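# An overview of the molecular structure
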Amino acid sequence: MTVARIEFSAAAYSCMENEGTIKLGVIRTGNLNCKTTVNYETSDGTANAGEDYVSKAGVIEFIEGEYIKSVEIEIIDDDVWEETETFFVRLFNPSRGTEMDKICVTQVSIINDDEPGILQFQKPSYLYKESAGVAELVIERNDGCDGRVTVRFKTKDITAIAGKDYEARDEEVEFTHGEVTKTITIPLRDDDVFNEDKIFEVMLSEPTAGSSLGKSKCTIVTILNDDDYQTLITRVANLTSVNLDKLVIGKESWKQQFTEALSVNGGDTEDAESLDFILHFLTFGWKVLFACVPPAHIASGWLCFCVSLGVIAMVTAIIGDMASILGQLLGIKDSVTAITLVALGTSLPDTFASKVAAMNEDCADAAIGNITGSNSVNVFLGLGIPWVIATLYKYFQYAPKDRRSKFIVTDKSLPFTIALYSIAAIATLLLLTWRRYSVAAGKAELGGDPKIKKICAIVCFILWLIYLVCASLYAYDIIKF
């Protein structure tokens with residue numbers, strides 16, 4: 001005589017938290033010509049009875065000829081974000097003539113449907129007079145407001161100094177269920193000393209309960225000076241205070257430069273990712289080198305400017321020599337090496353810097369000025385200074401009638417590449433001019449309509465590709481003019 005076998009219809013079930021109930025199938029195979037019973041009960045996993053589901057136990061009865069039954073378990077819906085949780089239901093104690101089959105225990109997964117939200121600052125920057133006393137910054141909660149979430153905010157010096165211009169903060173902000181905005185306050189220190197506008201940064205970190213950070217996870221606060229001096233004596237004393245104050249700030253900023261250069265992620269190791277540690281290891285020497293550049297507060301910025309040019313000249317020379325050696329090892333001509341390896345090594349960082357400037361500024365002046373100015377400096381340092389030095393050396397070393405007294409560039413491809421570059425540069429300037437006055441492009445050099453933006457990017461890339469290919473083919477005499 002065959003026996004009846006009972007098991008769950010599946011080894012695992014899942015449901016959304018807001019579904020209310022879930023039905024579990026129990027099937028009988030084998031002998032169906034008898035009455036059969038089996039007990040069932042729930043047990044906790046990561047889900048807790050009374051909080052995530054309603055505990056249940058009972059008896060399932062199959063009448064003669066019946067082969068499938070269901071068990072209904074109630075799911076508790078709440079407003080608290082939780083990860084997917086599980087509990088178990090087991091079958092046991094079958095009646096006589098009945099055996100348990102393979103799936104006598106099933107797992108039920110409760111998938112959370114709550115949206116804790118995305119946390120970010122309402123504005124990317126704030127302006128406050130130092131006499132305002134406090135800076136009020138708004139943190140908003142978008143795309144969901146279920147449950148209680150927290151996020152930390154921390155201030156960081158830029159040109160403003162904590163304890164001198166404002167009070168440092170490193171605190172936690174709590175959003176209750178349904179709360180969508182929170183205002184934090186940072187005390188500002190007012191003085192009677194004239195000084196330039198100061199800025200500091202406030203960063204969000206460590207969101208909890210499934211919430212995440214949005215694009216504006218940091219904001220810049222600018223402290224505007226509003227001291228007014230009427231008399232000449234006060235103005236003279238004021239200028240003296242400015243100079244002394246700059247020296248103090250410069251000293252503190254220079255120390256801060258080395259602190260950030262020697263630390264991973266500028267000292268913010270809590271928010272540092274694996275990539276930050278790898279980049280810190282790879283760029284440690286360069287970070288320390290550029291930390292030696294004096295802050296812009298000293299000597300009205302001239303010392304910073306001159307030292308920066310010297311460091312850039314040294315880096316450009318190193319990159320140029322390394323690229324030349326690599327080009328020779330690969331059998332690439334010097335003119336091709338210059339527009340490929342050397343250009344990528346010196347200009348690619350400028351491109352990323354311009355991208356950051358474009359994202360952080362309302363207008364394109366900083367981005368366009370940086371990319372054109374920095375490339376001009378690279379050409380000036382990479383070609384202009386060496387050629388001037390070589391010309392002066394030959395002029396004073398040899399007699400005027402001696403042919404060796406003249407420095408001659410023998411690269412035949414130079415005129416062609418200059419002409420080709422000029423054509424591409426003019427085309428780019430015409431494109432920027434069109435964008436400035438075109439309604440379709442938003443009357444702006446950067447940004448605007450996504451389609452127009454992508455088309456302009458493709459045009460610029462094609463111009464660069466044409467220049468690169470034509471200059472290389474000309475250098476190898478594949479094309480001739």
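See the structure printed just above.
Thresholds applied
Residues numbered from 1 in each chain as written. Predicted model: local features only at pLDDT ≥ 70, side-chain atom pairs only at ≥ 80, totals over all residues. Heavy atoms only, no water. Helix = DSSP H or I, 4+ residues; strand = E, 2+ residues; numbered from the N terminus. Buried < 20%, exposed > 50% of the residue type's maximum accessible area, 1.4 Å probe, protein only. Axes fitted to C-alpha atoms, helices over the stretch in contact; angles between N-to-C directions. Parallel < 35°, antiparallel > 145°, perpendicular 65-115°, else oblique. Contact = heavy atoms within 4.5 Å. Pairing = 2+ DSSP bridges. Phe/Tyr/Trp six-rings, centres within 6.5 Å; stacked < 30°, edge-to-face > 60°. Lys NZ or Arg CZ within 6 Å of the ring centre and 35° of its normal.

### Quick word on unusual backbone geometry
Positioned with a positive phi, A209 is a non-glycine residue whose angle comes to about 55 degrees. By the secondary structure assignment, A209 is in the loop between β16 (198–205) and β17 (212–213). Among the residues examined, A209 registers a relative accessible area of 29% and is labelled partly exposed. With a phi close to 60 degrees, D477 is a non-glycine residue in the positive phi region. Counting through the fold element by element, D477 comes out in the segment after α7 (450–475). Since its relative accessible area comes to 36%, D477 is described here as partly exposed.

### What about the packing of helix α6 (residues 413–437) against α7?
Close contact between α6 and α7 brings their axes to 9 Å; oriented N to C, the two are set at 175 degrees. As the angle between them shows, α6 and α7 are arranged roughly antiparallel. Counted together, S413, F416, T417, L420, Y421, A424, A427, T428, L431, W434 and R435 of α6 and I452, K453, C456, V459, C460, L463, I466, Y467, C470, A471 and Y474 of α7 form the full contact between these two elements.

### Thoughts on the sheet that holds β17
Spatially, β15-β12-β10-β17 is the arrangement adopted by the four strands of the open sheet, whose pairing is mixed. The sheet is open, and its two edges are formed by β15 (181–187) and β17, each paired on a single side. Pairing of strand β10 (residues 118–121) with β17 involves two bridges; the strand directions are parallel. Note that in β17 the partner of L119 across the bridge is L213.

### Remarks on the packing of aromatic side chains
Geometry of an aromatic ring pair is reported as the spacing of the ring centres plus the angle between the planes. A complete count under the given rule lists seven aromatic pairs for this structure. Both rings, one in F416 and one in Y474, keep their centres 4.3 Å apart while their planes meet at 15 degrees; by these two values the pair is stacked. Separated by 58 residues along the polypeptide, F416 in helix α6 and Y474 in helix α7 bring together distant segments of the chain. Among the residues examined, F416 registers a relative accessible area of 15% and is labelled buried. By relative accessible area, Y474 is classed as buried at 13%. For the cation-ring pair, K333 lies above Y476, with the distance from its terminal atom to the ring centre recorded as 5.2 Å.

### Focus: the side chain of T42
Among the structural elements, T42 can be located in strand β4 (residues 36–44). With residues up to four places along the chain from it excluded, the contact list for T42 reads Y53, S55, K56, I73, F87, F88 and V89.

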